[in-house]
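# Analysis of the macromolecular model
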Amino acid sequence: MLKSELKAKLQRTFPKAGTVQSGRLFTRQLSNLVDVGLIQVFSEMEKKYSISEHLALIPVGGYGRRELAPYSDIDILYLHDGKIPEHKLTDIISYINTYLYNNGKEVGHSCRTIKESFNYLDQIESFHAVLDARFLAGSKTLYNRYKAEFIEKISKQKIQQFNDWKLRHLRERIINSYNPILLSEPNIKTDPLGLRDIQHMYWIEKTDPLHDSTEGGIFDYYLIGDSLPLLSAYDFLILTRSALHIVSGRKNDRLDLELQGQVAEFLGFGPKTEIKTLESFMSQFYKMQKDVYFYLGTYLDEKSKIPQKSLPGDLSNPDTMYDDIINFFYDNQLRGEEPSRITLNQIRFASHFIDDDFKNTKSVLDRFLEMLRHKKRIGHTLTLMHECNVLGKLIPEFGACTNFPLFSYHHQYTVDEHTLLILRELDVLIADMWEDDLVQEVFNGCEKIEILALAILIHDAGKVKEGDHCQYGAELSLIVAERFRLSEEDTELLRFLVAEHIMMSELSSKRDIYDPNLISNFAKIFQNENSLKLLYILTIIDTKSVGHGVLTNWKKEILHFLYNSTLQSLQKKETSNDAKERIESGIKNYLIEKEGLSLDESEIILTFAKKITPSSYLNYNTARRVFQHFIQIEEWKQSKSSFQMTFEQEPAFLTVTIFTGFNREILLYLTGTISSLGLSLVGLRLFEAASKQLIVQAQITDEYGSGNISQEQILKIESTLADCISGQINVDDLASTSNVWKNVPKIPDGMVEELVKFSNDLSLEYSVLEVRVPDSIGLVYRILKSLLDFKLEVIFVRISTSADFAYDSFYVKTKDGKKIEDVGLILSLKEKILEVAQMKENQSLFEISF
């Protein structure tokens with residue numbers, strides 16, 4: 001046999017995965033091909049050593065189940081009777097394994113006698129491998145002894161111990177999971193509702209003494225409930241895993257965003273470049289996972305003998321079914337009970353017979369509003385309703401989001417799972433158990449929680465349609481409000497929360513929230529303080545529910561500052577002049593009362609602060625910081641050094657302040673230094689004192705978004721800055737390198753539309769440049785350098801990055817202090833920015849707003 005013959009046969013079979021439409025059939029064929037090759041190689045060894053009475057070749061694991069994915073390992077047990085000399089045994093194993101290696105297969109092998117097999121039962125993985133064992137070649141007598149003297153002799157106590165663990169594991173990780181289990185980049189094998197969870201049930205059933213110990217397929221063991229959806233789901237997951245292996249060209253179980261289109265196209269869902277292809281494929285994937293979820297819940301309740309609560313009525317009676325179903329969930333919410341999954345499955349079955357009039361039935365709608373007003377386990381109850389296919393029937397605007405994927409590194413979950421997680425976060429706030437006291441305090445002062453819950457339900461419903469999902473969602477909210485017969489006041493509040501649900505996040509991450517004019521204009525959109533509180537709470541729990549670690553301390557801090565500033569504006573209705581006088585008076589009082597300065601001394605410092613431009617300096621810095629800056633600038637002047645750097649550790653970031661002469665290249669030195677150290681710049685402000693000194697304030701986090709910057713790194717920032725200023729380091733070289741390796745996920749082409757946008761209507765004093773381009777080392781440095789090369793003044797920079805895309809805003813003006821209105825200059829800037837972002841000109845969207 002040619003050494004590469006098996007590899008050629010396997011490669012020739014791979015394309016069939018896209019046409020056979022059965023994962024079990026395809027992987028069984030791959031297993032059969034390997035079987036044939038190994039039997040032939042074993043026969044060659046038999047001719048050389050006459051081993052057929054003393055050695056059995058036993059496939060285990062996935063290969064033992066005949067579910068061999070294209071690049072999966074070949075797991076083999078070399079079972080011998082102890083009568084083969086060790087050097088011969090080593091030669092045999094080496095020959096067979098080498099054959100597999102030469103054909104591109106990785107091998108996981110074990111070599112044991114029957115007696116030695118008892119020594120490897122401590123690990124559950126070894127136990128599962130044993131359960132999947134089947135005979136392939138060699139001594140059938142030895143294999144039968146292996147079953148009789150080992151497999152059948154495994155103690156019932158050991159089996160029960162492993163099975164109890166599996167039941168607990170499945171319930172805790174699936175049924176009792178707080179976080180969503182439908183992920184945007186799932187591991188098909190090991191993530192929740194993947195292949196491994198189905199196999200756990202299979203292994204439990206295979207050890208049931210009531211079942212025959214056949215060597216057949218996995219589904220011979222599913223006797224409880226309707227196993228057909230589970231069979232279809234398992235088959236689809238195996239097929240998807242096989243396709244993922246093939247398009248990856250390696251063993252790979254992580255269905256990441258970059259590969260989803262290729263897998264979808266391979267499986268016949270359509271061209272990989274079309275978003276509909278991805279939506280169709282991933283929706284099907286999530287549907288299959290939910291079928292696993294429903295079966296698994298029923299299975300666990302059967303195994304655990306959980307008592308079932310009787311349904312409130314006869315679900316087969318169409319005259320009472322609607323009220324019976326909604327009252328069932330209402331009663332469970334009221335009593336704080338957890339219904340049996342078997343009961344929930346009955347409701348899920350009945351949901352197929354719910355007609356369109358369900359959503360218009362007054363008694364049902366009234367009861368649902370009561371559930372929202374009850375303010376107890378709202379999110380948990382609505383999650384159960386969704387699992388039973390009831391919530392989407394009642395609110396079809398939300399139902400349209402079911403299994404709807406979001407191809408974004410921001411969002412880790414489907415639209416419906418993300419929405420339900422927000423509602424469960426609302427439960428935490430209602431229970432007065434939120435992790436942040438400031439957020440909890442704001443929530444405790446909120447009214448109209450039922451409207452907030454409705455807004456959460458439909459806030460992302462607009463994403464099923466192209467365009468502005470906030471505006472489409474707001475249109476849907478009006479339909480929902482009319483159906484629920486909400487008052488005009490509640491209707492407007494619902495519309496407002498849905499339409500503006502990303503506003504606070506957008507402003508805090510892209511705008512200068514220390515600009516009093518921005519705060520004043522933002523405050524005008526609110527009817528009252530309650531609408532501000534509700535929008536703030538929605539923003540916080542929405543951001544947190546996007547994915548793990550998205551709501552960083554930095555984001556919480558800037559959102560809370562925006563909320564507080566807007567609240568003060570609403571409460572005091574003060575003009576910008578009023579605010580200025582209030583701040584100046586506060587600084588003077590602080591200097592006299594807290595620092596013990598005289599009136600004359602406080603006036604000198606206040607005059608220093610008032611002359612700093614731009615005037616937002618007073619809004620951005622506290623009285624304590626103003627005093628510090630005055631002292632530090634004087635110290636820097638006396639030191640005769642080129643610059644002075646100070647730092648202050650904040651909970652969410654490190655604030656670095658630099659005092660230097662009128663040299664705006666300090667911005668380049670700083671951004672280049674931060675980039676080279678693998679740190680992240682999240683905010684940058686430039687102020688100018690009357691005597692032509694620059695005050696640069698930067699907010700820095702580490703690569704994980706934390707403000708825990710080590711003292712060593714801080715000193716490195718300072719020394720590198722000094723070397724840049726003295727010319728010992730070339731800042732261009734510095735900005736293009738990093739001493740920290742980062743594994744940043746790549747956003748597939750076309751998923752995020754690149755943008756270069758100039759706006760003159762967002763600020764009274766400055767032009768705002770927004771850039772949304774692929775991120776790269778030194779990107780902010782290159783953009784800043786371009787702006788300075790065009791003789792522009794950069795006042796404020798806000799940095800935001802998601803996966804490998806940068807979302808950055810730059811507040812700029814001309815040298816003579818005006819907005820940029822020269823179209824020729826703007827077009828030249830656009831061309832330069834696209835160049836430094838290493839993009840082609842026709843790849844981006846360009847906008848100008850005057």
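Keep in mind that this is a model prediction, so the values were computed, not measured.

## What to know about the overall build of the chain
Across its full length, the chain carries 37 helices and 14 strands. With respect to the three principal axes, the spread of C-alpha positions in the chain is 105 × 75 × 50 Å. In the chain, buried positions account for 55% of the 850 residues. Accessible area of the chain: about 36,900 Å², with a carbon and sulfur share of 48%. A gap of 4 Å separates the mean positions of the 97 positive and 120 negative side-chain charges of the chain.

## What about the packing of helix H3 (residues 23–49) against helix H11 (residues 228–248)?
H11 packs onto H3 with a crossing angle of 55° between their chain directions and a minimal axis gap of 7 Å. Here H3 is positioned oblique relative to H11, judged by the angle of their axes. Across from Gly-23, Arg-24, Leu-25, Phe-26 and Thr-27 in H3, the residues of H11 making contact are Leu-231, Tyr-234, Asp-235, Ile-238, Leu-239, Ser-242 and Ile-246. Among the residues making up the contact of H3 with H11, the classes are represented as seven nonpolar, three polar and two charged.

## Side note on the sheet that holds strand S3 (residues 107–112)
Sheet architecture is open: four strands sit in the order S3-S2-S1-S4, paired in mixed fashion. Sheet topology places S3 and strand S4 (137–138) at the edges, where each strand pairs with a single neighbour. Bridging between strand S1 (residues 55–59) and S4 involves two bridges; their strand directions are antiparallel. Within S4, the residue paired with Ala-56 across the bridge is Gly-138. Across the sheet, helix H5 (residues 86–102) touches S1, strand S2 (74–80) and S3, and the angle it forms with S3 is around 165°.

## Section: the environment of Leu-597
Looking at the secondary structure, you find Leu-597 in the loop between helix H29 (576–593) and helix H30 (599–610). Note on Leu-597: relative accessible area 18%, which makes it buried. When sequence neighbours within four positions are dropped, the list of residues in contact with Leu-597 reads Leu-591, Ile-592, Ser-602, Ile-605 and Phe-627.

## A word on helix H8 (residues 140–149)
Those residues of H8 not exposed but buried are Leu-142, Tyr-143 and Tyr-146. Projected down its long axis, H8 shows its buried positions confined to an angular sector of 100°, all on one face.

## A look at the pattern of salt bridges
One pass over the full model with this rule turns up 42 salt bridges. When salt bridges with common partners are traced through the structure, they connect Arg-664, Glu-688, Lys-692, Glu-793 and Lys-815 into a single cluster.

## A word on the environment of Gln-333
The residue Gln-333 is located in helix H14 (residues 321–335) in this model. Assessed through its relative accessible area of 1%, Gln-333 is described here as buried. C-alpha of Gln-333 to C-alpha of Gln-632: the two residues are 299 residues apart in sequence and 60 Å apart in space. If we ignore the near neighbours within four places in the chain, the residues touching Gln-333 are Met-371, His-374, Lys-376, Arg-377, Ile-378 and Thr-381. There is a polar contact of 2.7 Å between the side chain of Gln-333 and the backbone oxygen of Lys-376.

## Focus on unusual backbone geometry
Each neighbour pair has its own omega, and for Thr-613 with Pro-614 the value is -5°, a cis peptide bond. Mapped onto the elements of the fold, Pro-614 is located in the loop between H30 and helix H31 (617–620). Not every positive phi belongs to a glycine, and Leu-193 is a case in point at roughly 70°. Within the element layout of this structure, Leu-193 appears in the loop between helix H9 (156–175) and helix H10 (195–206). The phi dihedral of Lys-791 falls on the positive side, at around 60°, and the residue is not glycine. For Lys-791, a relative accessible area of 59% translates into the label exposed.

## Remarks on the packing of aromatic side chains
A complete count under the given rule lists 27 aromatic pairs for this structure. On the basis of an interplanar angle of 40° and a centroid distance of 5.8 Å, the ring pair of Phe-135 and Tyr-143 is categorised as tilted. Three or more aromatic residues joined by ring pairs make a cluster, and in this case those are Phe-118, Phe-135, Tyr-143, Tyr-146 and Phe-150. For the cation-ring pair, Arg-367 lies above Tyr-330, with the distance from its terminal atom to the ring centre recorded as 4.2 Å.

## Details of the confidence of the model for the chain
In the predicted model, the chain carries a mean pLDDT of 87, and the fraction of residues at 70 or more is 91%. Of the regions scoring below 50 in pLDDT, residues 212–225 engages in 35 contacts with residues more than four places distant in sequence or in other chains. Confidence drops under pLDDT 50 across residues 839–844; counting only partners more than four residues distant or on other chains, this segment forms twelve contacts.

## Let's talk about the pairing of strand S11 (residues 793–798)
Burial runs high along S11: six of the six residues are buried. By the bridge criterion, three bridges tie strand S7 (residues 680–688) to S11 in an arrangement that is antiparallel. Across the sheet, residue Leu-684 finds its bridge partner in S11, namely Val-797.

## So, the nonpolar core
Residues Phe-329, Phe-368, Leu-382, Met-385, Leu-454 and Ile-537 are the most contacted members of the largest nonpolar core, which totals 114 residues. With nine residues, the top contributor of residues to this core is helix H22 (residues 449–458). Apart from residues no more than four positions distant in its own chain, Phe-329 is found in contact with Leu-344, Ile-347, Met-371, Thr-381, Leu-384, Met-385, Cys-388 and Val-390. Residues Ile-93, Leu-182, Ile-198 and Tyr-293 belong to the second largest nonpolar core, which totals 70 residues.

## So, the pairing of S3
Bridging between S2 and S3 involves six bridges; their strand directions are parallel. Bridged to Leu-79 within S3 is Arg-112. Since S2 and S3 lie parallel, the crossover through H5 that links them has a hand, and here it is right-handed.

## Let's talk about the state of the cysteines
Inspection of the entire model under this criterion finds zero disulfides. Looking at Cys-401, it has no disulfide partner, and the nearest cysteine sulfur is the one in Cys-470, 13 Å off.

## Side note on the side chain of Asn-97
Structurally, Asn-97 is set in helix H5. In contact with Asn-97, not counting residues within four places along its chain, are Tyr-78, Val-107 and His-109.

## Quick look at helix H7 (residues 124–131)
Among the eight residues in H7, six count as buried, and that is most of the element. By the burial criterion, the buried members of H7 are Ile-124, Ser-126, Phe-127, His-128, Val-130 and Leu-131. Each element contacted by the buried residues of H7 is listed here: H8, H9 and H10.

## Overview of the packing of H9 against helix H13 (residues 275–304)
Running from N to C, H9 and H13 point in directions that differ by 135°, and their axes come no closer than 11 Å. Classified by the angle between their axes, H9 and H13 sit oblique to one another. Two packed elements cross with a definite hand, and for H9 against H13 that hand is left-handed. Side by side, H9 and H13 meet where Leu-167, Leu-170, Arg-171, Ile-174 and Ile-175 of the first sit next to Tyr-293, Leu-296, Gly-297, Tyr-299, Leu-300, Asp-301, Lys-303 and Ser-304 of the second. Taken together, the residues that form the contact of H9 with H13 break down as eight nonpolar, two polar and three charged.

## Concerning the side chain of Glu-67
On the secondary structure map, Glu-67 appears in the loop between helix H4 (61–64) and S2. Here the side chain of Glu-67 touches Arg-65 through a polar contact of 3.0 Å, side chain to side chain.

Quick notes on the rules
Residues numbered from 1 in each chain as written. Predicted model: local features only at pLDDT ≥ 70, side-chain atom pairs only at ≥ 80, totals over all residues. Heavy atoms only, no water. Helix = DSSP H or I, 4+ residues; strand = E, 2+ residues; numbered from the N terminus. Buried < 20%, exposed > 50% of the residue type's maximum accessible area, 1.4 Å probe, protein only. Areas by Shrake-Rupley, 256 points an atom, 1.4 Å probe, with all protein chains shown as cover. Lys, Arg positive; Asp, Glu negative; His and termini not counted. Charge placed at Lys NZ, Arg CZ, Asp CG, Glu CD. Axes fitted to C-alpha atoms, helices over the stretch in contact; angles between N-to-C directions. Parallel < 35°, antiparallel > 145°, perpendicular 65-115°, else oblique. Contact = heavy atoms within 4.5 Å. Nonpolar A, V, L, I, M, F, W, Y, C, P; charged D, E, K, R; others polar. Pairing = 2+ DSSP bridges. Arc of directions from axis to C-beta. Salt bridge = Lys/Arg side-chain N within 4 Å of Asp/Glu carboxyl O. Polar contact = N/O pair within 3.5 Å; in protein donor to acceptor, adjacent residues only side chain to side chain. Phe/Tyr/Trp six-rings, centres within 6.5 Å; stacked < 30°, edge-to-face > 60°. Lys NZ or Arg CZ within 6 Å of the ring centre and 35° of its normal. pLDDT = per-residue confidence, 0-100. Core = buried A, V, L, I, M, F, W, Y, C linked by side-chain atoms within 4.5 Å. Right-handed = clockwise from strand over helix to strand, strands pointing away. Disulfide = S-S within 2.5 Å. Left-handed = near helix turned anticlockwise from the far one by under 90°.

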